[in-house]
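What follows is each chain in one-letter form.
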2 protein chains.
Amino acid sequence: MAKATIKQVAAEAGVSTATISRVLNSSGYVSDEVKNRVMLAVNKLQYQPNAIARSLKQDKSFTIGVVLPDISNPFFMTICRGLEDVVQEYGYHLIFCSSDELPEKEAQLLQLMTEKRVDAVVLATTGGNEDLVARMSAAGIQFILVDRSLDLPGPAVDLVAEDDVNGAYELTKQLILQGHSVIGVINGCMGVSTGQDRFVGYLKAFTEAGMEHEAAYDYDGKFTESGGREAVRYFLQMAKPPTALLSFNNKMTFGALLELTENGRDIPGDIAIASYGEVEAARLLKRSGIVYVDQKPYELGIKAGRTVLHRLEKGAESSEAVRDILQPIIKKLES
Amino acid sequence: MAKATIKQVAAEAGVSTATISRVLNSSGYVSDEVKNRVMLAVNKLQYQPNAIARSLKQDKSFTIGVVLPDISNPFFMTICRGLEDVVQEYGYHLIFCSSDELPEKEAQLLQLMTEKRVDAVVLATTGGNEDLVARMSAAGIQFILVDRSLDLPGPAVDLVAEDDVNGAYELTKQLILQGHSVIGVINGCMGVSTGQDRFVGYLKAFTEAGMEHEAAYDYDGKFTESGGREAVRYFLQMAKPPTALLSFNNKMTFGALLELTENGRDIPGDIAIASYGEVEAARLLKRSGIVYVDQKPYELGIKAGRTVLHRLEKGAESSEAVRDILQPIIKKLES
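Quantities reported herein were computed from a predicted structural model and do not represent experimental measurements.

**Q** Explain the overall build of chain A to me, please; I cannot follow it from the model alone.
**A** The secondary structure content of chain A amounts to 12 helices and 12 strands. For chain A, the spread of C-alpha atoms along the three principal axes comes to 85 × 45 × 30 Å. In chain A, which comprises 335 residues, the share counted as buried stands at 58%. When contacts within chain A are restricted to residue pairs at least 6 apart in sequence, long-range pairs at least 24 apart make up 67% of them. A gap of 8 Å separates the mean positions of the 35 positive and 44 negative side-chain charges of chain A.

Listed below in structure tokens is the structure:
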């Protein structure tokens, strides 16, 4: 098919060429009905000044790449929902990919984002790609780290996250206040900042209280539901089982609750629970008294979105790295 | 900055121009380290034969638009995860947007997908845009409807969904077999095929069993958790409350369970529950005996991904519409 001209498109849609321009440049009022007719004509005739052609001219793709562990994980997707709600009205679109907590897969996806020429990359990192991120950032790629930080060799990049050390510190103090001294810790991924920082916060509260940490009471739950289940099986068979569990994300907490319930254990009668992140399902347990860090993923997403706009719309390409850290709030389930 | 040539990029990366081509066209072996260096040089010098420029030449963007009610809803995102896992290795990327169950917002998003020249649109529709979808489809835009069907004026488009009528029919029969005749129905959105079809399936089973449907026992729960809570409040204040609830999605079921638990009701002692879609949280309730349709969102996503590839990779652009309907499976929670 020969290349269509704007006149042919106007004829096909039954409107003026000025209207075609208005629609394609989103300038001036055009009714939805007419817009629709124009876009169908543009598509039918394969008319070129489309988003792709224009993005070449503007050297902007209006696309933001989002690389996160798993697009079916509600915690991360609630962050993304906040991000979407902020950037959508500025005409940006989101490409998502799952890294599956695999550093090699994450590295491939980041390279691909360069290929796609996204305007910015929002990254909830699996860790392990510090060098790559530093090099890409030095080459001009705009990074916004979300939820998980990275210790980069070189200048810092934007970060929107929670104070995980403090959250875990306050959470642990609640268990200590309740009189617990034998606490089973269900750790997340220790290669990820949130996994590390939460453990650090626990250690701080525990040693501050004059107690001695024993490695036998740590279990590596890898941030997964099955990890939480396995941790409970491990702790229950100990000669001196813990009187409380401290779980460092909601998936592991849910797994632990399932395993405890199936084993006929009462919460908190037999064992108390503290969770980094709310487990909505726990509201079905009566008087469980679970204490938890009330995470705000939607708020994180809103803040990440604002940081993206700050970089892409406000001409702040080269200003100092943003560091926006939310202070976590501790809550208790009472029902 | 003047346009960079391939030679300048090769010099910057310290490789041959042939290597640059190999990397940009993903042809032939190049080590990750070199690939990485090349992409950084391409980016630094703003070299143009990038994905966008090539997609213009190929008239393909390798992007698939996904329009669904809410990107933070795990059911839909699990579908998307299946889709991602199938299409990613063919080089396709996914742009997601949330329609919020608003037909007007969905219409805007669909127009925008035309603008972005996505190769296909995967749509979990809110309903109400039948004319627009039919026109876009006639203009050559490849649609794959997922989970929710549309009654289009004109030729059908591809559909990957469940047999909702049959699922709800079998689910209702379970409650009837248990001896229930006063059943409170928590309906979803009636403007969406899944909402309609599930109600139709219930009516079929109910009338087949010789029982008479009373509209007073239907509550419009709008597929939301708060809708499920409200439905329970409504049913509990009836002079003759239902002995069983039939809820048409997992969010409404979860809301209903929360409201019942908070009101001290025992499940199934006081009231039995049947749910279209599993509620994982219900596994925390002992012996609840909840019957449910075991939905398979990941499988739906895999099938949708295969349909996308069938259209975009197998040269099946103009063959008959695909109709891939999963038969639902009924399960019972025993713990």
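**Q** Honestly, the pairing of strand E5 (residues 158-162) of chain A in this entry has me stumped. Any pointers?
**A** Looking along a regular strand, one sees side chains alternate from face to face of the sheet. Residue and element names in this part refer to chain A. Within E5, five of the five residues are buried, which leaves the element mostly enclosed by the surrounding structure. Neither face of E5 is open: one carries Asp158, Val160 and Glu162, the other Leu159 and Ala161, and all of them are buried. Taken together, the three bridges between strand E4 (residues 143-146) and E5 define a ladder with parallel strand orientation. Note that in E5 the partner of valine 146 across the bridge is valine 160. Here E5 runs beside strand E11 (residues 323-326); their pairing, made up of four bridges, is parallel. Looking across to E11, one finds that leucine 159 is bridged to arginine 323.

**Q** Would you mind going over the environment of methionine 252 of chain B with me for this structure?
**A** Residues and elements named next belong to chain B. You can see methionine 252 is positioned in helix H11 (residues 250-262). Residues methionine 252 and proline 74, spaced 178 residues apart in sequence, show a C-alpha to C-alpha distance of 14 Å. Residues within four places of methionine 252 in sequence aside, it is in contact with Ile186, Asn187, Gly188, Gly221, Lys222, Phe223, Thr224, Glu225, Gly228 and Ser247.

**Q** Would you explain the side chain of asparagine 249 of chain A in this entry?
**A** Residues and elements named next belong to chain A. Relative to the helices and strands, asparagine 249 resides in the loop between strand E8 (244-247) and helix H11 (250-262). A relative accessible area of 10% means that asparagine 249 is categorised as buried. Setting aside its immediate chain neighbours within four residues, asparagine 249 contacts Arg198, Phe223, Ser275 and Tyr276.

**Q** Help me understand helix H12 (residues 297-312) of chain B, please; the structure alone is not making it clear to me.
**A** The α-helix winds at 3.6 residues per turn, so residues separated by three or four positions along the chain end up facing the same way. Residues and elements named next belong to chain B. With 16 residues, H12 ought to run about 22 Å at 1.5 Å a step, and its terminal C-alpha atoms sit 22 Å apart, in line with that. Taken as a whole, H12 has its buried residues at Pro297, Leu300, Gly301, Ile302, Ala304, Gly305, Thr307, Val308, Leu309, Arg311 and Leu312. At its buried positions, H12 is contacted by strand E1 (63-68), helix H5 (74-87), strand E3 (120-123), strand E4 (143-146), strand E5 (158-162) and strand E11 (323-326).

Definitions and cut-offs
All residue numbers here refer to positions counted from 1 along the written sequence of the relevant chain. The order in which chains are written sets their letters, starting at A; the order in which ligands are written sets their numbers, starting at 1. Only residues with pLDDT of at least 70 are given local features in this predicted model, and only at 80 or more are side-chain atom pairs given and counted; all residues enter the totals for whole chains, interfaces and linings. Only heavy atoms go into the side-chain values, all of them from the structure, while hydrogens and water stay out. What counts as a helix is a DSSP run of H or I of at least four residues, what counts as a strand is a run of E of at least two, and both are numbered from the N terminus. Residue exposure (1.4 Å probe, protein chains only): buried if accessible area is under 20% of the type maximum, exposed if over 50%, otherwise partly exposed. By definition, residues are in contact when any of their heavy atoms lie within 4.5 Å. Two residue types count as positive, namely Lys and Arg, and two as negative, namely Asp and Glu; His and chain ends fall outside the count. To locate a charge, take NZ of a lysine, CZ of an arginine, CG of an aspartate or CD of a glutamate. Any two strands are treated as partners once DSSP identifies two or more bridges connecting them. One less than the residue count of a helix, multiplied by 1.5 Å, gives the span that helix is expected to have.

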